[in-house]
Structures are given as structure tokens and as C-alpha cells.
Amino acid sequence: MDRGAWRATAHGVPKGRTRLMAEHGRIGCTDIICCVFLFLAIVGYVAVGIIAWTHGDPRKVIYPTDSRGQFCGQKGTKNENKPFLFYFNIVKCASPLVLLEFQCPTPQICVEKCPSRYLTYLNAHASEDFEYYKQYCLPGFQKNKGVAEVLRDGDCPAVLIPSKPFAQRCFPAVHAHKGILMVGNETTYEDGLGSRKNITELVEGAKKASGILEARQLAMRIFEDYTVSWYWIIIGLIIAMVLSLLFIILLRFLAGIMVWVMIVMVILVLGYGILHCYMEYARLRGEAGSDVSLVDLGFQTDFRVYLHLRQTWVAFMIILSIVEVIIILLLIFLRKRILIAIALIKEASRAVGYVMCSLLYPLVTFFLLCLCIAYWASTAIFLSTSNEAVYKIFNETSCPVAGKTCNPETFPSSNESRLCPGAHCQFAFYGGESTYHRALLGLQIFNVFMFFWLANFVLALGQVTLAGAFASYYWAMNKPDDLPAFPLFSAFGRALRYHTGSLAFGSLLLAIVQVIRVILEYLDQRLKAAENKFAKFLMSCLKCCFWCLEKFIKFLNRNAYIMIAIYGTNFCTSARNAFFLLMRNIIRVAVLDKVTDFLFLLGKLLIVGSVGILAFFFFTHRIRIVQDTAPSLNYYWVPVVTVVIGSYLIAHGFFSVYGMCVDTLFLCFCEDLERNDGSQERPYFMSPELRDILLKGSAEEGKRAEVEE
């Protein structure tokens, strides 16, 4: 045995695979240059993180800032007891200038609490309400000016409107106009500059500026639902995990029965969904308002309204019926191929049974992905908050110096103040003119690129590890005696020690395409307002092409990683060999591999549908574990949708192990057919059960029969 073959055997590679790897002469480190590039990129990424953490200040995200750039509610500052941000004239927040400067062109101050009643400065300045009104004026304001001068200089707001705090900012209450119209039966107020303004217009402007408040209130109600139902959501996810694990265990011993049970259960679950939609549709017959169409109703933040429309349940029923018909037709046309796919699943079940710890490996991938996401998110926040406070001149009327930077300390005595008497020097945004600040955009792009690269590397590491473990099972002549003691750990060690460069190469290609797609999405958002149809068409074509390219690279990478796990070759060689191997067996790929994917999808739908129906009945109080178990919610669909999405991710994590096992065994099977003929000199490594059903009626079966004769 040569040195390379001995080293492969010493690292837990079965003798069958050792022979294949020795034939290729590639038992060693692969794509070393890419490994070095990845190491340097990680060092640079760490340096970017350190620089961002040195200059960044996350308080700028957490706490609102007033017109001077000072934090509201921050301990250790003079605004420590003033946690809320108050806008003098929130109507101006609806101005297009906000989208350009990311700051409302109106004075903003930190206050202890938001206004609770309607009051004008004209009525308050000469009454006992002035002390209450004064807390909403600029800090240090003294009553030494006339009403017109105060409002002209922007020292105090012209009117106070009852407001509610949200995200530490004061927004006009949705129903504030009712209280305003009731005060003194007034319909107008004098602004102190010699003109009278209609309160209704002011309220309508406030309602327009606070129109976003409805969406924010929706977010707040959703958050409240999470706070009272999070433990039940966790219980639902635990149930999904238990069901997934139980399904996988039963699949190990009863693969054929479980597949058919799964198919029948999916059909029944979808059938029940159709029946439930019809029952709801029939129940709403004759009910007032149930015949309103979805188009006439429009978008409503309270999604429960849609459940009172018959058209909603008709739409649900049609969708479920289409899915049901598609599944039944696929089962009819693929009924013979399903038998072959079941044999492949049985073999995969045996492989997973001998490498049971592989079911827990998705937790390792999840943990590493969480680290990548946490580092990317924290670095992005620190980069975005590492700017300095920039102050600009704001003015309600035309002004030659409007929009220019200024110093709030010296602005009152500056020439700009004399040119525009009504202008204000207030905080605009965080930025800077240094080299570091000019490089922030590039650093953010590098941060996104490294996130994609590392996330894809983590996924690639998981795929190579699982493929290596299952390939060890396939190429063991005497199963399970020839299996290494710890196949999963051996495969993980080989992947990191010898193939880090190959994994970095494959994940780098995918990361580049994904970053290009992100840039295209950004450009598409910028072009939405444009009227150039050719540009929109070109952008749509580019997005479609790069989407297809990403899917193709993912498919190629997955199979290349399997070949790396089998032979230990570099990425390009493995990708080329995998591609041509699949092309030579394209019929088997289309029939067997995709049929098993379809069966696994049905398994996911079964678990998700079962847990989703259980969650629906529980959160709608139709079933109770004990008295008043389910919490009272604003929207019952919030925990239901969360449980459904979480259940799918959990089921996908378990079935992804099976999917990787099937893909690995399938490629090993195709390679086994091409390299061996079933003779005593070159026997097949596949199990007799798998050989009998996969070679039945094929040309390989005839070839094998001739060799045996």
C-alpha cells in the first residue's frame, strides 16, 4: 500500500474508497491558494470588525436623537429623564425631503412624556397652561419674545396634538382629531403670525403624517402576540422536532410503509383543508358584508377582516384543490418509479441508521450560521453608526444656503442665519468627510460579501461532511464491519484538513453570484420610479439569468462536494467529473433523484400540515388542553404562521440529511456501475437489494448477467 492510501485508511476511509482515491492520486490538500485567500479574507474581516467596533456607537440605533444630535433617554446625559422625541410639526415629516435627508425638517426635542391634550401657543402663552406648554419648547426657552417672534424663530411649536409614544417617538394619536374638534368647539386657530389656520387641515395633515402609525401599530400588536404566545410557539416547534425525529426513526425500519402512509396522509390533510374552506364558505352565506370582494376591500392592516369574506375561503379552496390535483397526478404517473425511489430511501435509511449522529449535524450547521449572522449584523450596525453628527440648514421657504452644513453653536450669529432668518441649524444625519467615512460603503459591501462567503462555506462544510460519512458506508464491502468507528467525525476532519480550499472555492463562486443579485435588486428598486421600459426589461432579464446561474452553481457545488468526499480531488476536477457523470445518467437523475426529492417534500408537508392544523385549532380556542390554555391574541395567525415556518425549517433540517444521503448514494451507485462489472475481480459495492431493483430491466443488468455467465 502506498503512502497516500495508507494515510486515507488511517483517517477512517474504507478500503473500497481508498482504492478509488489512490487511483486518482489525489489524497492530499486541494485548492491551497483558495484556502490562503479565505484565511486572508477572514483576517481582513476581523480587522474590519475591530475598526467598526472602535468607531461605532449602537446607541444611535437604539435611542432617538434631537435636533442637536443628542440622545433621548440615554443615562449619563442631560436628557436622561427625557426618553421620547417630540416633533414641532410632524406634518413636515410627510415631506419628500425626509426621504432625501432621513430627517424631518422641523425642530425636534427630547421630552419626558408625549402631549396628552390639544393646546395652541397663542392660547397658552398668557394663561396658566404655559408651564405645561413650555416643556415642549426648545431647552432654555424664556418668555421674553412676542408670539410672532417665538413662532418665527421656531422656539416653540404652534400647536400641541395628543400623541402616543412608539419606538420612543411621539406620533399623533389615530383618533386625536376627535378630541381636538371638541375643545371649545373651535374650528380654527391663530398661528400668531397674523393668519388663521383650519384645525381640520392641521388634523388631516397630522393624520397623513401618522398614516404609517397604523402599520407601526400592526407591528406592535404582532409583538404583543409574540410576548404572550412565545412559549406555546416553542412547544409547537418541539412537537415538530419530535414528529420529524419519530418519522425519521420509523423510516429507518418501515421505509416502504412510511412512504405510502406519508402519501396518503398528505392527500388527507389537503382534503381536510379543502373541506374546512368549503365549510367556512358555506357558514358565511347570507352573513352581512361577506360578499364584499377582496379588490373592493383593499389592503387592511387587520388581516382578520379577510376571514369574514367568502371570496377569501374560495381562494384558499382553489389553491388547495390545485395542489391536491397536481400531487395525485404526479403519483399516478410516477407510481412505478416510486417503488424504485423507495428502495433508494431504504438504502439511505440503513446508511443513516449506521451513522445516527448525522441527524444531529444540522445543529452544528445552524450554530455556525448563527455565528456568521451575528457577526455580520453586529459589524453592519457598528459600521452604520460610526459616522459623526452632521448638521444642516433647514428652512420652510426657499433659501440659498438651505441644505448646507452648519455648526449649531455658531449658527445664530453666522451670515447664513442673516440670509435666511427663518432657517434652523439642526441635526441631519450621521456622516463624515474622513477617509474612513468615505470608505464606509465599500466596507459594508465587503461585510455583505464575507457574510455570503462564510455562510456558503459553512453549508459546504456540512455537505462534504455528510457526503463523506455516507460514502464511507457505500464503499464498505462488508457493511457495517468495514465502516470506521466514527464516520461523521472522520469525514469532518478530512474536510477541514484536506479540502478547506476546495470548499472556499465553491462557496466563493456562489457568494459572487449572490452579491451580484443583491446589487441587481438594489438597482431594480432605484429604477422602479423610472419610465424607461427597456431598462426595466433588461434588469428583469439580468435578475432571471443570475437567479438561474445561482441555482445551477448550487446544484453543481452539491455534487462536486460529493465527488470531493469520494475521491479527494480538487473542486474543478470534482465538478467536471460530477457533471459528466450525471449527464451520462441523466435518465436516472430525472427519475430517481427527483422522485425521492418529491417524496421528501411530501414528508415535510405532512409534518408542517399536522403541526399547523394543531396550532390553528389551539390558538383559535377550538381545542383546549386545560381551561383557558390558549392566550388571548390580537391576531391568531401570528403564532400559527410562526409555528408553520419553524416546523418547515425543522423538518427541512432532518430531511436534508436524508436528501444528502440519497444524493451521495446515487452518485456512488452511478460511479460503481461505471467502474465495476459485478465480477469477482471488480465486484459491486452496492447492496444486493439496491442492485436488484436499480439494475432491473436496464442495460447494466444485461451486462452483469453476461459477465456472470
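Since the model is a prediction, treat every value here as computed from it, not as a measurement. (Residues numbered from 1 in each chain as written. Predicted model: local features only at pLDDT ≥ 70, side-chain atom pairs only at ≥ 80, totals over all residues. Heavy atoms only, no water.)

Caption draft 1: Representation of the overall build of the chain within the structure. Per the secondary structure count, the chain includes 27 helices and ten strands. Taken across its 709 residues, the chain has 46% of its residues classed as buried. In the chain, the share of contacts with a sequence separation of at least 24, taken over all contacts with a separation of at least 6, comes to 71%. Of the roughly 36200 Å² that the chain leaves accessible, carbon and sulfur atoms contribute 65%. (Helix = DSSP H or I, 4+ residues; strand = E, 2+ residues; numbered from the N terminus. Buried < 20%, exposed > 50% of the residue type's maximum accessible area, 1.4 Å probe, protein only. Contact = heavy atoms within 4.5 Å. Areas by Shrake-Rupley, 256 points an atom, 1.4 Å probe, with all protein chains shown as cover.)

Caption draft 2: Structural context of the pattern of salt bridges. Evaluated as defined, the whole model comprises ten salt bridges. Among the salt bridges present, the one from glutamate 671 reaches arginine 675, with a minimum N-O distance of 2.6 Å. With a gap of four residues between them, glutamate 671 and arginine 675 both fall in helix α25 (residues 637-675), about one helical turn apart. The class of glutamate 671 is buried, set by a relative accessible area of 7%. (Salt bridge = Lys/Arg side-chain N within 4 Å of Asp/Glu carboxyl O.)

Caption draft 3: Region of interest: the state of the cysteines. Under the defined criterion, the tally for this structure stands at three disulfides. The disulfide partner of cysteine 72 is cysteine 110, and the gap between their sulfur atoms is 1.9 Å. Looking down the S-S bond of the cysteine 72 and cysteine 110 bridge, the torsion is -75 degrees, so its handedness is left-handed. Linking cysteine 72 in the loop between α4 (59-62) and β1 (84-87) with cysteine 110 in strand β2 (residues 108-111), this pair joins segments that are 38 residues apart in sequence. Classification of cysteine 110 as buried rests on a relative accessible area of 6%. Each sulfur of the disulfide joining cysteine 137 and cysteine 156 lies 2.0 Å from the other. Note on the cysteine 137 and cysteine 156 pair: the S-S dihedral is about 110 degrees, so by sign convention the disulfide is right-handed. (Disulfide = S-S within 2.5 Å.)

Caption draft 4: Focus on helix α16 (residues 361-384). In this model, α16 (24 residues) spans 35 Å end to end at C-alpha, consistent with the 34 Å of a helix rising 1.5 Å per residue. When we look at burial in α16, the residues that qualify are Tyr361, Thr365, Cys372, Tyr375, Thr379, Ala380 and Leu383. (Expected span 1.5 Å × (residues − 1).)

Caption draft 5: Structural context of the nonpolar core. The biggest cluster of nonpolar side chains holds 121 residues, and the ones touching the most others in it are Tyr474 and Leu599. It is helix α19 (residues 440-474) that contributes the most residues to this core, 18 residues altogether. When near neighbours in sequence (up to four residues on either side) are disregarded, leucine 599 contacts Val259, Met262, Ile263, Ile338, Ala341 and Ile345. (Core = buried A, V, L, I, M, F, W, Y, C linked by side-chain atoms within 4.5 Å.)

Caption draft 6: Helix α15 (residues 335-354), seen in detail. The end-to-end C-alpha separation of α15 is 29 Å, in line with the 28 Å expected for 20 residues at 1.5 Å each. Turning to α15, its buried residues number three or more, namely Ile338, Ile340, Ala341, Ile342, Ala343, Leu344, Ile345, Glu347, Ala348, Ser349, Ala351 and Val352.

Caption draft 7: Focus on the packing of helix α22 (residues 533-567) against α25. Contact pair α22 / α25: the axes reach a minimum separation of 10 Å and the direction vectors enclose 60 degrees. Taken together, the axes of α22 and α25 are oblique relative to one another. Where α22 crosses over α25, the two elements pack in a sense that is right-handed. On the side of α22, the interface is formed by Arg558, Asn559, Ile562, Met563, Ile566 and Tyr567, while α25 contributes Gly659, Met660, Asp663, Thr664, Leu667, Cys668, Glu671 and Arg675. Across the contact of α22 with α25, the residue classes break down as seven nonpolar, three polar and four charged. (Axes fitted to C-alpha atoms, helices over the stretch in contact; angles between N-to-C directions. Parallel < 35°, antiparallel > 145°, perpendicular 65-115°, else oblique. Left-handed = near helix turned anticlockwise from the far one by under 90°. Nonpolar A, V, L, I, M, F, W, Y, C, P; charged D, E, K, R; others polar.)

Caption draft 8: The arrangement of the packing of aromatic side chains in detail. What the rule picks out here adds up to 32 aromatic pairs. Note on phenylalanine 86 and phenylalanine 88: the rings are 6.1 Å apart at their centroids and 50 degrees apart in plane angle, and the pair reads as tilted. Overall, phenylalanine 86 belongs to the buried group, its relative accessible area being 4%. Residues phenylalanine 247 and phenylalanine 655 carry aromatic rings whose centres are separated by 5.7 Å and whose planes lie at 50 degrees to one another, so their mutual orientation is tilted. Remark: phenylalanine 655 occurs in helix α25 and phenylalanine 247 occurs in helix α11 (residues 212-253); sequence separation between them is 408 residues. Comparing phenylalanine 247 with phenylalanine 655, the two get one shared label, buried. Three or more aromatic residues joined by ring pairs make a cluster, and in this case those are Tyr45, Trp53, Tyr375, Phe382 and Phe446. Looking at arginine 117, its charged tip hangs above the ring of tyrosine 132, at a distance of 4.3 Å from the centre. The ring of tyrosine 281 carries the charged tip of arginine 310 above its face, separated from the ring centre by 4.0 Å. (Phe/Tyr/Trp six-rings, centres within 6.5 Å; stacked < 30°, edge-to-face > 60°. Lys NZ or Arg CZ within 6 Å of the ring centre and 35° of its normal.)

Caption draft 9: Examining the confidence of the model for the chain more closely. Confidence in the prediction for the chain averages 77 pLDDT; 80% of positions are at 70 or higher. The least confident element of the chain is helix α9 (residues 176-182), whose mean pLDDT is 39; the most confident is helix α3 (residues 32-55), at 92. Here residues 205-213 is a poorly scored stretch, pLDDT under 50, and it has 13 contacts once near neighbours within four places are set aside; other chains count. (pLDDT = per-residue confidence, 0-100.)

Caption draft 10: Focus on the environment of tyrosine 278. Looking at where tyrosine 278 falls in the secondary structure, it is placed in helix α12 (residues 255-283). Between the C-alpha atom of tyrosine 278 and that of methionine 317, which follows or precedes it by 39 residues, the distance is 6.9 Å.

Caption draft 11: Fine view of the pairing of β1. Side chains Phe84 and Phe86 project from β1 onto one buried face, and the interleaved Leu85 and Tyr87 project onto a second face that is buried too. The sheet contact formed by β1 and β2 spans four bridges and is antiparallel. What sits directly across from phenylalanine 86, in β2, is isoleucine 109. (Pairing = 2+ DSSP bridges.)

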